[in-house]
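Notes for the structure review
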Amino acid sequence: MNTNTSNTRLGNSSIITIGTFDGVHIGHQKIINRLVKTGKEKGLKSVVLTFFPHPRMVLQPDFKIQLLHTIEERQAVLKQFDLEGIVIKEFTKAFANLSAYDYVKTILVDELHAKHIIIGYDHHFGKNRTANITDLKAFGKQFDFTVEEISVEDIQDVAVSSTKIRTALLEGDVKTANLYLGYAYFLSGAVIKGKGIGKTIDFPTANISVEKEYKLIPKNGVYIIKAFIANKWIFGMMNIGNNPTFNEIKQSIEVHFFDFKNDLYHQTLKIEILQRLRDEHKFETVNLLQSQLKKDKINALAYIETQHD
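Residues numbered from 1 in each chain as written. Predicted model: local features only at pLDDT ≥ 70, side-chain atom pairs only at ≥ 80, totals over all residues. Heavy atoms only, no water.

1. Some words on the sheet that holds strand β3 (residues 85-90)
- Sheet architecture is open: five strands sit in the order β3-β2-β1-β4-β5, paired in parallel fashion. Each of the sheet's edge strands pairs with one partner strand only, and the pair in question is β3 and β5 (146-150). With strand direction ignored, the average angle separating the axes of adjacent strands in the sheet is 25 degrees.
- In this sheet, strand β4 (residues 114-120) lies alongside strand β1 (residues 14-18) in parallel orientation, the contact comprising four bridges. Residue pairing across strands places I15 opposite H116, the latter belonging to β4. (Pairing = 2+ DSSP bridges. Helix = DSSP H or I, 4+ residues; strand = E, 2+ residues; numbered from the N terminus. Axes fitted to C-alpha atoms, helices over the stretch in contact; angles between N-to-C directions.)

2. Some details on the pairing of strand β7 (residues 206-209)
- By the bridge criterion, three bridges tie strand β6 (residues 186-192) to β7 in an arrangement that is antiparallel. Bridge pairing in β7 links A190 to S209.

3. Examining the nonpolar core
- Formed by 30 residues in total, the largest nonpolar core has its most connected members in M238, F257 and I271.
- Put simply, the parts of the chain that give this core at least two residues each are α7 (152-170), α8 (174-181), β6, β7, β8 (221-229), β9 (232-241), β10 (252-257) and β11 (268-278).
- Setting aside anything within four residues of it in sequence, one finds F257 in contact with A206, I225, A227, I229, I234, F235, G236, L264, L269 and I271.
- V104, A114, I119 and L136 belong to the second largest nonpolar core, which has 28 residues in total. (Core = buried A, V, L, I, M, F, W, Y, C linked by side-chain atoms within 4.5 Å. Buried < 20%, exposed > 50% of the residue type's maximum accessible area, 1.4 Å probe, protein only. Contact = heavy atoms within 4.5 Å.)

4. Some words on the confidence of the model for the protein
- On average, residues of the protein score 90 in pLDDT, and 93% of them are at 70 or above.
- By mean pLDDT, the top-scoring element of the protein is β11 (97), and the lowest-scoring one is helix α9 (residues 197-200) (65).
- Every residue in residues 1-8 scores below 50 in pLDDT, and together they form 26 contacts with partners more than four places removed in sequence or on other chains. (pLDDT = per-residue confidence, 0-100.)

5. Some remarks on the side chain of N178
- Take N178: it is sitting in helix α8.
- What makes N178 buried here is its relative accessible area of 14%.
- Ignoring any residue separated from it by four or fewer positions in sequence, one finds N178 in contact with Y183, A184, Y185, I273 and L274.

6. A short note on α8
- Buried within α8 we find V174, A177, N178, Y180 and L181. Buried residues in α8, looked at end-on, bunch into an arc of 165 degrees, giving them a common side. Turned more than 90 degrees from where α8 packs its buried face, K175 and L179 sit exposed.
- Downstream of α8 by one or two residues, G182 has phi in the positive range, about 85 degrees. (Arc of directions from axis to C-beta.)

7. A closer look at the pattern of salt bridges
- Scanning the entire structure with this criterion turns up 15 salt bridges.
- The closest approach of N and O atoms between K40 and D82, which form a salt bridge, is 2.7 Å. Of this pair, K40 sits in helix α1 (residues 26-42) while D82 is found in the loop between α3 (71-78) and β3, placing the two residues 42 residues apart along the sequence.
- Ionic contacts of the salt-bridge type, sharing partners, join the residues K30, R34, E148 and D154 into one network. (Salt bridge = Lys/Arg side-chain N within 4 Å of Asp/Glu carboxyl O.)

8. Looking at the environment of G189
- Here G189 shows up in strand β6.
- In contact with G189, not counting residues within four places along its chain, are I208, S209, Q267, T268 and L269.

Printed below as a string of structure tokens:
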């Protein structure tokens, strides 16, 4: 897997930053914006080098990792920046066994033509991650590139943001997650056939299938959402959970769109999560559930009117 989003060749001069960039949150954005700005000042092509699968998926396959983005989502968000190239390197056991020298020589120098690298003080690379920024600076003298160190504070911002975003979403705290992301957290997936229960209570839903198991799904509950459908923003509410009122077992993601009746089956939607309304509850009767859904819709519309008028 190797992607370069630029139609132009990188030539013999690039400025690179390296990382996982899961979430491409405000900490990452600060580094990427610095990369682009410095690249323009120095006349270098700005390139983000990232990796997939996540190293833990390859080296610790039993570890259940949860990521903010699928690789396709990460790439889509990175494309919104004024980058010359996004290079996604496939992380394999063979790649993990590359010596620090071979990694620098074959990838950073020969393939990406690095002239300047912006990297964190705690960056480690090469087999068993034994090489550090001091080694990278030494390689720079050997291969004619310079190394710019990202400050401790900025690196801590990146680490704290990633941790806080994941924790916040798992706790249902969308407000905090979106604050650190700098945009609304989203889920992407195809609309699949459900059991049609929503239609029977006047709240038809689109069932969203999130294909990648490693994608972090927020805490079960009811959320206010929006999606860009047929060239316009459609608002709605989404339930993540097990439909306890109907004694379902499997987790599902169901979206009820306001003022939208079209068939969405087999379409792939990007659902942006704006706010959490409440926990998922088991109701004694379907009428009580229907009554609560009506209240949820009123609360959602009130929020949308104040935030998106």
